[in-house]
Amino acid sequence: MYHLYMPQTNRLSNAQLTLMLKEALAAMEIKNYNWFKIRAYQNAIAVIENLTTSVQDMWEDGRLADIPGIGEALTAHFDDMFSKGVVAEWEYLKKGLPEGMFALLGLHGIGAKKAFKLAKAFKLENRTTALEKLKIHAVKGDIQNLEGFGEKSEKDILETLEMQKKSKNDKPRMLLIRA
């Protein structure tokens, strides 16, 4: 259920909404949903990430149609999310997928299919412990033994996990000209 993302005030930020959309999108990619629906979600995520207004505020004002790329289906989903706190279709999409895969989605270089493969292979069923368990497998050298992964993938994943733990001041800086 998405109530985990909802703040105490029951207001949903655009960042929280895009996280939910990204998880639904990842589930669609794993389950080979219609390409047009996948594309619609990708477009909606891109638009919402760049909005300067709250989607929930626009919904309350009945102005979701003003957001480019938000069609009838997404409007209905947002109605459910903002009124009931859950979107049944998104929950159905995620059914049968390991919960831990959704924790991996934000990692650099890991998309839906890689996240699913890693979560399935290492039985990452818990969202909160998935990153730590994945790090253990990376240190032991287990990731490179999976099909589609190699030493470089394993090294990159381990570096990404290490960087996530560091504070902003501990991370190496890059000159703007090099970036």
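Structure: see above.
Because the structure is predicted, anything quoted here is derived from the model rather than measured.

Undergrad: Mind showing me how you'd approach the pattern of salt bridges here?
TA: Note that side chains of opposite charge can pair when their charged atoms are close. Applying the stated rule across the entire model yields 13 salt bridges. Residue D66 is joined to R63 by a salt bridge in which the shortest nitrogen-to-oxygen separation is 3.5 Å. Residue class for D66 comes out exposed when judged on its relative accessible area of 52%. The residue K84 makes a salt bridge to D80 at a minimum N-O spacing of 3.5 Å. With a gap of four residues between them, K84 and D80 both fall in helix α4 (residues 72-84), about one helical turn apart. Accessibility expressed as a relative area gives 61% for K84, which makes it exposed. What you see here is one network of salt bridges that share partners, running through E23, K94, E99 and R127.

Undergrad: Where do I start with the environment of E91 in this structure?
TA: Tracing the sequence through the fold places E91 in helix α5 (residues 88-94). In the structure, E91 is positioned 68 residues away from E23 in sequence and 9.9 Å away in space, judged by C-alpha atoms.

Undergrad: Please explain the nonpolar core as it appears in this structure.
TA: It is characteristic of soluble globular proteins that their nonpolar side chains tend to be buried jointly. Core analysis: the largest hydrophobic core is formed by 47 residues, its most contacted members being L17, L21, F78, W90, L118 and L134. At nine residues, helix α1 (residues 14-30) tops the list of elements feeding residues into this core.

Undergrad: For this particular structure, what's the right way to read helix α8 (residues 130-140)?
TA: Side chains of residues three or four places apart in an α-helix project in the same direction, reflecting 3.6 residues per turn. Along α8, the residues that are buried comprise A130, L134, K135, H137 and A138. Taken around the axis of α8, the buried residues stretch over an arc of 165°, which confines them to a single face. Residues of α8 that are exposed and angled more than 90 degrees away from the buried face: V139 and K140. Positioned one or two residues after α8, G141 has a phi angle of 85°, which is positive.

Undergrad: I keep staring at the layout of surface pockets and nothing clicks. Help me out?
TA: Left-over empty space is what a probe sized like a water molecule reveals as it rolls over the atoms. Of the volumes computed, that of the largest pocket is approximately 210 Å³. Residue lining of the largest pocket: 13 residues in total, with K22, E23, L25, A26 and L105 positioned closest to the centre. The biggest single contributor to the lining of the largest pocket is α1, with six residues. Looking at side-chain class alone, the lining of the largest pocket contains eight nonpolar, two polar and three charged residues.

About the thresholds
- Residues numbered from 1 in each chain as written.
- Predicted model: local features only at pLDDT ≥ 70, side-chain atom pairs only at ≥ 80, totals over all residues.
- Heavy atoms only, no water.
- Salt bridge = Lys/Arg side-chain N within 4 Å of Asp/Glu carboxyl O.
- Buried < 20%, exposed > 50% of the residue type's maximum accessible area, 1.4 Å probe, protein only.
- Helix = DSSP H or I, 4+ residues; strand = E, 2+ residues; numbered from the N terminus.
- Core = buried A, V, L, I, M, F, W, Y, C linked by side-chain atoms within 4.5 Å.
- Arc of directions from axis to C-beta.
- 1 Å grid on protein atoms, 1.4 Å probe; cavity = no way out; pocket = protein on both sides within 12 Å on 5 of 7 lines; lining within 4 Å.
- Points joined across faces, edges and corners; volume = space filled by probe spheres on them.
- Nonpolar A, V, L, I, M, F, W, Y, C, P; charged D, E, K, R; others polar.

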